[in-house]
Amino acid sequence: MSTMVVGVETGMSPAVLAAAASLARGLDARLVCIHADYGRLITDKLSEGDLLASADPVSEELAWEIASAVAGVEFESYTVAGEPAKVLAAVAEQLDAQMIVIGTRRPGIRSKMAQLLDGSIAVALAHKQHRPVLVVPQQPAEENDLPWD
């Protein structure tokens, strides 16, 4: 069975997990869902060795979101301290994952500011590792949402 690494966060669009689950079913793959906790790391260096052995569980809320969206697909979920692109690439390398799946940033001014400060996770992944990266667009929660909300 192959492995796909999926970047997850609380409140993310279910479309990202639904796309990952659908692809995993078709490829007979398991999902390893990774929440990168950028706030817990003060240096740019990731831990050495098995990142998942020292990982924490995801929050109950995020665990429920994942389980609801990927029903019928084998999955695991972890929280790993570090910058998202580096964490996802390192876990994918460790597991020899077939691909990495992430969502686009949420619409809104906060996401635009975060992208200016931190850069794009998708671009960082595409430039710094050799695995395919699937970027799934996040759908707004409601069609009436304004981009600056």
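For the structure itself, look to the data block above.
Residues numbered from 1 in each chain as written. Predicted model: local features only at pLDDT ≥ 70, side-chain atom pairs only at ≥ 80, totals over all residues. Heavy atoms only, no water.

### Regarding the overall build of the protein chain
Put simply, the test is: Helix and strand labels come from DSSP, where a helix needs a run of H or I of at least four residues and a strand needs a run of E of at least two; each type is numbered from the N terminus. For each residue, the accessible area found with a 1.4 Å probe, counting protein chains only, is set against the maximum for its type, and the residue is called buried under 20%, exposed over 50%, and partly exposed in between. By definition, residues are in contact when any of their heavy atoms lie within 4.5 Å. Where accessible areas are quoted, they stem from the Shrake-Rupley method and a 1.4 Å probe; at the residue level, only the protein chains shown are allowed to cover.
For the protein chain, the count of helices and strands is 5 helices and 5 strands. When the helices and strands of the protein chain are read in sequence order from the N terminus, they spell out β-α-β-α-β-α-β-α-α-β. Across the 149 residues of the protein chain, 37% fall into the buried class. Considering only contacts in the protein chain between residues 6 or more positions apart, those separated by 24 or more positions represent 82%. Approximately 8600 Å² of the protein chain is accessible, and the part contributed by carbon and sulfur atoms is 54%.

### Regarding the pairing of strand β1 (residues 2–7)
To keep it simple, the criterion reads: Handedness is read with the strands pointing away from the viewer; a crossover is right-handed when the path from the first strand over the helix to the second is clockwise. Being paired, for any two strands, means DSSP has found at least two bridges between them.
With 5 of its 6 residues buried, β1 lies for the most part within the structure. With helix α1 (residues 14–27) bridging β1 and its parallel neighbour strand β2 (residues 29–37), the resulting β-α-β unit is right-handed. Bridging between β1 and strand β4 (residues 99–103) involves 3 bridges; their strand directions are parallel. Residue pairing in the sheet places V5 in a bridge with I100 of β4.

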